[in-house]
Amino acid sequence: MKKIIILNGPNLNLLGEREKSQYGSFTLTDVEKTCKEFANKNNLNIDFFQSNIEGELIQKIQDSRKNKDGLIINAGGYTHTSVAIHDALKILKIPIIELHISNIYNREEFRHKSLISKVARGVICGFGAKGYVMALDAMKNYFKNED
Ligand code: CA2
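Residues numbered from 1 in each chain as written. Predicted model: local features only at pLDDT ≥ 70, side-chain atom pairs only at ≥ 80, totals over all residues. Heavy atoms only, no water.

Help me understand the sheet that holds strand E4 (residues 96-100) in this model?
Two modes of strand pairing occur in sheets, parallel and antiparallel, and in both the strands are linked by backbone hydrogen bonds. Taken in spatial order, the 5 strands of this open sheet run E2-E1-E3-E4-E5, and their pairing is parallel. Only two strands of the sheet have a single neighbouring strand rather than two, namely strand E2 (44-50) and strand E5 (122-125). The average undirected angle you get between the axes of adjacent strands in this sheet is 20°. Helix H5 (residues 130-146) rests against strand E1 (2-8), E2, strand E3 (70-74), E4 and E5 of the sheet, and its axis sits at about 150° to E1. (Pairing = 2+ DSSP bridges. Helix = DSSP H or I, 4+ residues; strand = E, 2+ residues; numbered from the N terminus. Axes fitted to C-alpha atoms, helices over the stretch in contact; angles between N-to-C directions. Contact = heavy atoms within 4.5 Å.)

Hey, could you run me through the site of the ligand in this one?
Looking at the ligand, there are 16 residues lining it, with Asn74, His80, Ile101, Ser102 and Arg111 nearest. Note that an oxygen atom of the ligand is positioned 3.5 Å from one of the backbone N or O atoms of Asn11. Ser102 places a polar side-chain atom, nitrogen or oxygen, 2.5 Å from an oxygen atom of the ligand. When the ligand is considered free in solution it has 510 Å² of accessible area, and contact with the protein chains removes 95% of it. The cavity where the ligand resides is the largest pocket. For the shell around the ligand, a count of residues per class yields 6 nonpolar, 7 polar and 3 charged. (Near = heavy atom within 4 Å. Polar contact = N/O pair within 3.5 Å; in protein donor to acceptor, adjacent residues only side chain to side chain. Areas by Shrake-Rupley, 256 points an atom, 1.4 Å probe, with all protein chains shown as cover. 1 Å grid on protein atoms, 1.4 Å probe; cavity = no way out; pocket = protein on both sides within 12 Å on 5 of 7 lines; lining within 4 Å. Sits in = over half its atoms within 2 Å of the grid points. Nonpolar A, V, L, I, M, F, W, Y, C, P; charged D, E, K, R; others polar.)

Put into structure tokens, the structure is as follows:
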């Protein structure tokens, strides 16, 4: 069974509480549940993790070198600023999908730049919470074509 880690960066623990017009009314726990349902139906093993701490995200990225087959990351605000997360991802040989709930390209200028896109196989953004399942589906297809 293929193992995928889904990483969520700072402030995503507040989903559903504020800025509902931008990010929707679902909570991160709702998203996790939907991802687990998809994973169960599609024979995938998922590890869902959120942290507001850059170093904790980097540790998970480093650990996934040895024990994961794919990585999906919504790095939140770190997307636009973190050279350290970029560097940690660059070391990985497994496929990486960058994910955003909102369309970062129709928002403020400072969100248009991502330090993650360069090391990602693909990017999904602007499709709300559905983007998480879209990313899992993309990962599933990647594994299928790899066999
Ligand atoms: O659209 C996305 O998924 C983002 O990665 C979300 C980040 C933002 O900095 C990126 O530019 C785009 C922010 C997540 C903040 O989430 C909140 C949720 C509820 C209330 C406040 C913030």
